[in-house]
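Breakdown of the fold
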Amino acid sequence: MQDVLFYCFAALTILCGFMVVANPWSRNPVTSAMFLVLTIVSLAGLFTLLHAFFLAAVQVLVYAGAVMVLFLFVIMLLDLKEEARRKIRGFGMISGGIAVAAVFGIIFKTLVFDTPRLSAGLSAPNLEGVTKPLGETLFTRYLLPFEILSVLLLVAMVGVILLSKRDLR
Amino acid sequence: MTAGLEHYLVVSAILFCLGLLGVILRRNLLIIYMSLELMLNAANLAFVALSRFNNNLDGQIMVFFIITVAAAEVAVGLALIVALYRKRQTAHVEDLTLMKL
């Protein structure tokens, strides 16, 4: 049952990820954003299969909720009708495809040849990513990074307010 | 075949390469941004898978941090794109070849 679900979610993730990047029917950024939402939701499904329940919820709330709403707002703020008229140049497509295929080849080779050796010594997984142990680790061992992160969010907020003032100087 | 560590890592690698392809291929700033999010999510998946199969919670904490940083990054980046669009009326990288506003 879990394996069937894994293959379903993995196929959905990769298919929707492909549709974000290279949708053959539509060049509209809104379509890409919607497929990105689907990708993120199916990734949350994969997180659930990995027993990372809290992160699956956070993924849906933060990414599919907050970040994508921000994206859609900006898409609708900008008038991007021009995008559909431009065509992708063949040279960029070929060279980019070759570069990405090379990167994938390197990663895949590493995974296929090194991961069996890596995972041979592992015991059976019994980790549960529920809120309690996650929160305990976050507020004891990782307290300082957590506080720094809150400062980072404050900096981002101030930066956005500064950037969206009418006369940028 | 049961889904082991390498299955998740392969999905993560494919997703990362799709994001990279988007950054290289697409010329729209917003879609480049979405591809960046795709790459970050691929890294998240690898972190969660390794955390699960190593019985170590640190990877999930790292994913938590990555999600937060990504949210901040998206906010700042989209504000920059909007500011740029106001000045130059375009969100296309081929029209943005000057460093001067």
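Everything discussed here concerns the structure shown above.
What comes next concerns the included structure. Given the structure is predicted, the values throughout are model-derived calculations rather than measurements.

We now examine the overall build of chain B. Broken down by element type, chain B carries three helices and zero strands. Start at the N end of chain B and walk to the C end: the helices and strands fall as α-α-α. The C-alpha atoms of chain B give a radius of gyration of 17 Å, which is well past the 13 Å a tight globule of 101 residues would have. Across its three principal axes, chain B shows a C-alpha extent of roughly 50 × 25 × 15 Å. A burial count over chain B gives 63% of its 101 residues as buried. Long-range contacts, defined here as pairs at least 24 residues apart, represent 53% of the contacts in chain B between residues at least 6 apart. A total of about 3,800 Å² of accessible surface is found on chain B, and carbon and sulfur atoms cover 69% of it. Distance between charge centroids for chain B: 14 Å, based on 7 positive and 6 negative side chains.

Time to look at the packing of aromatic side chains. Evaluated as defined, the whole model comprises nine aromatic pairs over all chains. Ring geometry for A:Phe6 versus A:Tyr7: centroids 5.2 Å apart, planes at 70 degrees, classification edge-to-face. Here A:Tyr7 falls in the partly exposed class, since its relative accessible area comes to 40%. Three or more aromatic residues joined by ring pairs form one cluster here, namely A:Phe6, A:Tyr7, B:Tyr8 and B:Phe53.

A few words on the interface of chain A and chain B. Taken together, the contact between chain A and chain B spans 82 residues of the former and 71 residues of the latter. Of the roughly 7,300 Å² buried between chain A and chain B on both sides combined, carbon and sulfur atoms contribute 76%. Counting the surface chain A buries against chain B, the share from its top three residues, A:Val21, A:Leu50 and A:Leu127, is 10%. Remark: the boundary between chain A and chain B carries one salt bridge. A:Arg141 is the partner of B:Asp58 in a salt bridge, and the nearest nitrogen-oxygen pair spans 3.4 Å.

Further remarks concern unusual backbone geometry. Its identity as a non-glycine residue notwithstanding, A:His51 has a phi of 65 degrees, on the positive side. A positive phi angle, near 55 degrees, is found at B:Asn55, a position not held by glycine. Relative to the elements of secondary structure, B:Asn55 occurs in the loop between α2 (29-54) and α3 (58-88).

Turning next to a nonpolar patch on the surface. A cluster of nonpolar side chains, contributed by A:Leu154, A:Met157, A:Val158 and A:Ile161, occupies part of the molecular surface with about 400 Å² of accessible area. Here A:Met157 lies in helix α6 (residues 143-163).

A few words now on the packing of helix α2 (residues 29-49) of chain A against α2(B). It is the contact of α2(A) with α2(B), at a shortest axis distance of 11 Å, that shows an interaxial angle of 5 degrees. Relative to α2(B), the element α2(A) lies roughly parallel. Along the contact surface, α2(A) presents A:Pro29, A:Ser32, A:Ala33, A:Leu36, A:Thr39, A:Ile40, A:Leu43, A:Leu46 and A:Phe47, while α2(B) presents B:Ile31, B:Met34, B:Glu37, B:Leu38, B:Asn41, B:Asn44, B:Leu45 and B:Val48. Residue composition of the contact of α2(A) with α2(B), by class: twelve nonpolar, four polar and one charged.

Right, let's talk about the environment of B:Val10 for a bit. Along the chain, B:Val10 turns up in helix α1 (residues 5-25). Owing to a relative accessible area of 21%, B:Val10 belongs among the partly exposed residues under this scheme. For the pair B:Val10 and B:Ala46, spaced 36 residues apart in sequence, the C-alpha to C-alpha distance is 8.9 Å. Here B:Val10 is in contact with A:Phe108 and A:Leu111, once residues within four sequence places are set aside.

Residues and elements named next belong to chain A. By the definition in use, this model includes two salt bridges over all chains. Measuring nitrogen to oxygen at the nearest pair gives 3.5 Å for the salt bridge that ties Glu-136 to Lys-132. One end of the pair is Glu-136 and the other is Lys-132, both in helix α5 (residues 131-140) and four residues apart, which spans about a single turn.

Direction vectors running N to C along helix α1 (residues 2-21) of chain A and α2(B) enclose 155 degrees, while the axes themselves pass 10 Å from each other. Considering the angle they form, α1(A) stands roughly antiparallel to α2(B). For α1(A) against α2(B), the interelement crossing comes out left-handed. For the pair α1(A) and α2(B), contact is made by A:Gly17, A:Val20 and A:Val21 and by B:Ile31, B:Met34, B:Ser35 and B:Leu38, respectively. Residues that form the contact of α1(A) with α2(B) fall into these classes: five nonpolar, two polar and no charged.

Conventions used here
- Every chain begins its residue count from 1, and numbering advances along the sequence as written.
- Working convention: letters from A go to chains and numbers from 1 go to ligands, in the order in which they are written.
- Note on the predicted model: pLDDT of at least 70 is required for a residue's local features to be given, and 80 or more for side-chain atom pairs to be given and counted; whole-chain, interface and lining totals, by contrast, use all residues.
- Excluding hydrogens and water, the side-chain figures rest on all heavy atoms present in the structure.
- Helical segments are the DSSP runs of H or I of at least four residues, strand segments are the runs of E of at least two, and each set is numbered from the N terminus.
- Our radius of gyration is a C-alpha quantity, and the globule rule it is checked against amounts to 2.2 Å times the number of residues to the power 0.38.
- Here the term buried applies to any residue with accessible area under 20% of the maximum for its type, exposed to any over 50%, and partly exposed to those in between, with areas from a 1.4 Å probe on protein chains only.
- The criterion used for residue contact is that any of the two residues' heavy atoms lie within 4.5 Å.
- All accessibility values rest on the Shrake-Rupley procedure with a 1.4 Å probe; residue burial counts only the protein chains present in the view.
- Residues counted as positive are Lys and Arg, residues counted as negative are Asp and Glu, and His and the chain ends are not counted.
- Where a charge lies is defined by one atom per residue type: Lys uses NZ, Arg uses CZ, Asp uses CG and Glu uses CD.
- Pairing of aromatic side chains here covers Phe, Tyr and the six-membered ring of Trp, requires ring centres within 6.5 Å, and sorts the geometry by plane angle: under 30 degrees stacked, over 60 edge-to-face, intermediate tilted.
- Each of two parts loses accessible area, computed with a 1.4 Å probe, when they are put together; buried area is these two losses added.
- By definition, a salt bridge exists where a carboxyl oxygen of Asp or Glu is found within 4 Å of a side-chain nitrogen of Lys or Arg.
- Patch definition: residues above 30% relative accessible area lacking any salt bridge, with like charges linked at up to 9 Å and the nonpolar side chains Val, Leu, Ile, Met, Phe, Trp and Tyr linked at up to 5 Å.
- For helices, the fitted line uses only the C-alpha atoms of the stretch in contact; every axis is such a line through C-alpha atoms, and the angle between N-to-C directions lies from 0 to 180 degrees.
- Between 65 and 115 degrees an angle is taken as roughly perpendicular, under 35 as roughly parallel, over 145 as roughly antiparallel, and anywhere else as oblique.
- Residue polarity is assigned by list, with Asp, Glu, Lys and Arg as charged and Ala, Val, Leu, Ile, Met, Phe, Trp, Tyr, Cys and Pro as nonpolar; anything else, Gly included, falls into the polar class.
- We call a crossing left-handed when the near helix sits turned anticlockwise from the far one by less than a right angle, and right-handed when that turn is clockwise.

Just geometry here; none of it tells us what the structure is for.
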